[in-house]
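Here's the letter readout for the chains.
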Amino acid sequence: TNAMTITTNTATAMTIDNSGRVTMPNQPSIVLGGSTGGYATVNSGSVAPFNNIETQTGGSNYNTSTYRYTAPVAGWYQVTFHALSQSEIEQEWRLRKNATIVRRNFQPSSSIRSWSFSTQVYCAVNDYLEIESGLSNNNNIYMSSGVNMYSWVSYRLLG
């Protein structure tokens, strides 16, 4: 069989190769880090300051001032988050959709400095997502060192 490509007037929208792999180069996705070298303070109840767009496809859907990702298309989104803390403290990180908590990641141990979670969440068009620090602890997260990202978040439309 032959590969199939679906195009619009200006770009390739989707390709199915001979092996059945599907690629959609404009499918909304973004990977974010922090432009701050070293640590950034995230106070309890505050949104993590991911202000450096590492990669992005499918339009400009992230606000580097409010730290919100706005869904351009209705569907299921994969959200993956990782943070490296300056100190070993109890932590909670929350995924919020339209200011409502939809997922929590809690680490009760004071011997851990690294937190991660990955989840899926359904969004309507213009719903927004953000990562918030919870509990009463302020957290200094290590954002970057040169080209190395130590704390980051990604949002990707699954379909």
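Analysis parameters
- Residues numbered from 1 in each chain as written.
- Predicted model: local features only at pLDDT ≥ 70, side-chain atom pairs only at ≥ 80, totals over all residues.
- Heavy atoms only, no water.
- Pairing = 2+ DSSP bridges.
- Helix = DSSP H or I, 4+ residues; strand = E, 2+ residues; numbered from the N terminus.
- Phe/Tyr/Trp six-rings, centres within 6.5 Å; stacked < 30°, edge-to-face > 60°.
- Buried < 20%, exposed > 50% of the residue type's maximum accessible area, 1.4 Å probe, protein only.
- Lys NZ or Arg CZ within 6 Å of the ring centre and 35° of its normal.
- pLDDT = per-residue confidence, 0-100.
- Patch = residues over 30% accessible without salt bridge, like charges linked within 9 Å, V, L, I, M, F, W, Y side chains within 5 Å.
- Areas by Shrake-Rupley, 256 points an atom, 1.4 Å probe, with all protein chains shown as cover.
- Salt bridge = Lys/Arg side-chain N within 4 Å of Asp/Glu carboxyl O.

Visitor: It is not clear to me how the sheet that holds strand β11 (residues 100-107) should be interpreted in this structure. Could you clarify?
Guide: Hydrogen bonds between backbone atoms are what pair the strands of a sheet, whose relative direction is either parallel or antiparallel. On the basis of which strands lie adjacent, the open sheet formed by five strands has the order β7-β8-β13-β10-β11 and antiparallel pairing. Unpaired on one side and paired on the other, β7 (62-63) and β11 mark the two borders of the sheet. Pairing geometry for β7 and strand β8 (residues 68-70), over two bridges, is antiparallel. By the bridge assignment, Tyr 62 is partnered in β8 with Tyr 69.

Visitor: Honestly, the packing of aromatic side chains in this entry has me stumped. Any pointers?
Guide: The relative placement of two aromatic rings is captured by the distance of their centres and the angle of their planes. Tallied over the entire structure, the rule returns eight aromatic pairs. Considering the side-chain rings of Tyr 39 and Tyr 142, the 4.8 Å spacing of their centres and the 45° angle between planes classify their relative orientation as tilted. Here Tyr 39, found in strand β5 (residues 38-42), pairs with Tyr 142, found in strand β14 (residues 139-145); they are 103 residues apart in sequence, far enough to count as distant. On the numbers, 5.2 Å between centres and 50° between planes, the contact of Phe 81 with Trp 93 is tilted. Taken together, the positions of Phe 81 in strand β9 (residues 75-84) and Trp 93 in strand β10 (residues 91-97) put the pair 12 residues apart, joining distant regions of the chain. No difference in accessibility class separates Phe 81 from Trp 93, as the two residues are buried. An aromatic cluster is present here, built from Phe 50, Phe 81, Trp 93 and Phe 117 joined pairwise through their rings. The ring of Tyr 128 is capped by Arg 68, whose NZ or CZ atom sits 3.8 Å from the centre of that ring.

Visitor: Any chance you could explain the confidence of the model for the protein here in plain terms?
Guide: Should the pLDDT be low somewhere, the predicted coordinates at that spot are not to be read in detail. Within the protein, residue pLDDT values average 86, and 93% of them lie at 70 or more. Between the elements of the protein, mean pLDDT differs from a low of 68, seen in strand β3 (residues 22-23), to a high of 97, seen in β8.

Visitor: Explain a nonpolar patch on the surface here, please?
Guide: Judged by side-chain polarity, Trp 76, Tyr 122 and Leu 158 come together as a nonpolar surface patch covering roughly 300 Å² of accessible area. Structurally, Trp 76 can be placed in strand β9. Using a relative accessible area of 42% as the deciding quantity, one classes Trp 76 as partly exposed.

Visitor: Would you mind showing me how to read the sheet that holds β5 here?
Guide: Here three strands make up an open sheet; going across it, the order is β5-β14-β15 and the pairing antiparallel. A strand with exactly one partner marks an edge of an open sheet, and here the two such strands are β5 and β15 (148-149). Bridge analysis of β14 against β15 gives two bridges, and the strand direction is antiparallel. Bridge pairing links Ser 145 to Asn 148 in β15.

Visitor: It is not clear to me how unusual backbone geometry should be interpreted in this structure. Could you clarify?
Guide: Trans peptide bonds make up most of the peptide bonds, and negative phi angles are found at most residues other than glycine. Phi is positive for Asn 98, close to 55°, though the residue is something other than glycine. Considering the arrangement of structural elements, one finds Asn 98 in the loop between β10 and β11. If you check the backbone angles, Ala 99 has positive phi at about 70° while not being a glycine. One can find Ala 99 in the loop between β10 and β11. The class of Ala 99 is partly exposed, set by a relative accessible area of 43%.

Visitor: What is the right way to read the pattern of salt bridges from this model?
Guide: Side chains that differ in charge, positive against negative, can pair when their charged atoms come close. Inspection of the entire model under this criterion finds six salt bridges. For Arg 96, the salt bridge goes to Glu 130, with nearest N and O atoms at 2.5 Å. On the criterion of sequence distance, the pair formed by Arg 96 in strand β10 and Glu 130 in strand β13 (residues 128-133) is long-range, its members being 34 residues apart. Its salt-bridge partner being Arg 96, residue Glu 132 comes within 2.7 Å of it at the nearest N-O pair. Taken together, the residues Glu 132 in strand β13 and Arg 96 in strand β10 connect sequence positions 36 residues apart. Note on accessibility: Glu 132 and Arg 96 belong to one class, buried. Within this structure, Arg 68, Glu 92, Arg 94, Arg 96, Arg 104, Glu 130 and Glu 132 form a network of salt bridges that share partners.

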